[in-house]
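Descriptive analysis of the structure
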Amino acid sequence: WNQDHMDIDKLPSTSKVIFVYRDAESVFRSYYHHIMTKYGFYQVTDEDFPNGSSWDGLFDMFMHGELDYGCYMRHTASWWKARDRPN
């Protein structure tokens, strides 16, 4: 059992997997609230982000794959390509 953020190409080809994903908007909204709740304690403000807005700045970073774990779209696409692989 492995619950991780790794791409499928990092797993042995004999691995059995169930890939569960969320729509990108939901992922970003959750990530935003996680960051603001976790780091808000350390006085994170809108000015700490590109464009002077935490929502807009983080969204731009999310869309460019500049946040933790890289690009969500690329990550999801890597698993989609493996959907017909025998499990």
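What follows covers the nonpolar core. V27, F28, Y31, Y32, I35, F49, L58, F62, L67 and Y72 form the largest nonpolar core, which has 10 residues in total. Contributing elements (two or more residues each) for this core: α1 (24-40) and α2 (54-63). Of all the elements, α1 adds the most residues to this core, at five residues. Excluding residues that lie within four positions of it along the chain, V27 makes contacts with R22, F62 and Y72.

On to the packing of aromatic side chains, then. Taken as a whole and assessed by the stated rule, the structure comprises eight aromatic pairs. Where F28 meets W55, the ring centres are 4.8 Å apart and the plane angle is 75°; that geometry is what we call edge-to-face. Placement of F28 in helix α1 and of W55 in helix α2 is noted, with a sequence separation of 27 residues between them. Its relative accessible area of 3% is what places F28 among the buried residues. An aromatic cluster of three or more residues is present, and its members are F28, Y32, W55, F59, F62 and Y72.

What follows deals with the environment of T14. Counting through the fold element by element, T14 comes out in the segment before α1. Judged by its relative accessible area of 69%, T14 is exposed. With 71 residues separating them along the chain, T14 and R85 place their C-alpha atoms 10.0 Å apart.

All right, on to the confidence of the model for the protein then. Averaged over every residue, the pLDDT of the protein is 78; the share at 70 or more is 80%. Across the protein, the element-wise mean pLDDT spans from 81 in α1 up to 86 in helix α3 (residues 72-80).

Parameters and conventions
Residues numbered from 1 in each chain as written. Predicted model: local features only at pLDDT ≥ 70, side-chain atom pairs only at ≥ 80, totals over all residues. Heavy atoms only, no water. Core = buried A, V, L, I, M, F, W, Y, C linked by side-chain atoms within 4.5 Å. Buried < 20%, exposed > 50% of the residue type's maximum accessible area, 1.4 Å probe, protein only. Helix = DSSP H or I, 4+ residues; strand = E, 2+ residues; numbered from the N terminus. Contact = heavy atoms within 4.5 Å. Phe/Tyr/Trp six-rings, centres within 6.5 Å; stacked < 30°, edge-to-face > 60°. pLDDT = per-residue confidence, 0-100.

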